[in-house]
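# Descriptive structure summary
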Amino acid sequence: MFFKKRISEKVQMENSARKLHGKEIRYVSKRDSETYIETILGKNGIIDVKNDHLSIVCNEKLIFHHSIEGLMCSDLMSLDGVILSYIDESGEEVEVMVYYKYYRKV
């Protein structure tokens, strides 16, 4: 008999965050939890994952930095980006939307 090893949800989230390393992005926005209005934080950047921290750099400026441990990654339905969500120090949920650059495969 063979049994599949179940991977915990925490490990799955950490693995999905690590897979984002090196992705080029079009723009990054932050969603307000009360009004659901998105504010653009930066354009033309890259996602960098090092030492269990995920960073987003746009135009040579650090836009986003967070530990992978408390970060949830959810793909957009279109697969054109990802939603990064976490709980900040005040206990409020923060959502950062990341839209990938589109390259037409030939």
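Described in the following lines is the structure provided in the data block. (Residues numbered from 1 in each chain as written. Predicted model: local features only at pLDDT ≥ 70, side-chain atom pairs only at ≥ 80, totals over all residues. Heavy atoms only, no water.)

## Looking at unusual backbone geometry
In this structure, Tyr 36 is a non-glycine residue whose phi angle is positive, near 60°. Locating Tyr 36 in the fold gives a position in the loop between β1 (24–31) and β2 (38–50). One non-glycine residue, Asn 59, lies in positive phi territory at about 50°. On the secondary structure map, Asn 59 appears in the loop between β3 (53–58) and β4 (61–67). Judged by relative accessible area, Asn 59 falls into the exposed class, the value being 53%. (Helix = DSSP H or I, 4+ residues; strand = E, 2+ residues; numbered from the N terminus. Buried < 20%, exposed > 50% of the residue type's maximum accessible area, 1.4 Å probe, protein only.)

## Considerations on the side chain of Ser 55
Relative to the assigned elements, Ser 55 resides in strand β3. At 2.7 Å, the side chain of Ser 55 and the side chain of His 65 are in polar contact. Not counting residues up to four positions away in its chain, the partners in contact with Ser 55 are Ile 46, Ile 47, Asp 48, Leu 62, Phe 64 and His 65. (Polar contact = N/O pair within 3.5 Å; in protein donor to acceptor, adjacent residues only side chain to side chain. Contact = heavy atoms within 4.5 Å.)

## Some words on the pairing of strand β7 (residues 93–100)
Among the eight residues in β7, six count as buried, and that is most of the element. As paired elements, β1 and β7 share six bridges and run antiparallel to each other. Paired with Ile 25 across the strands is Tyr 100, a residue of β7. Pairing of strand β6 (residues 81–87) with β7, which is carried by seven bridges, proceeds in the antiparallel orientation. Bridging from a neighbouring strand, Val 82 pairs with Val 98 of β7. (Pairing = 2+ DSSP bridges.)

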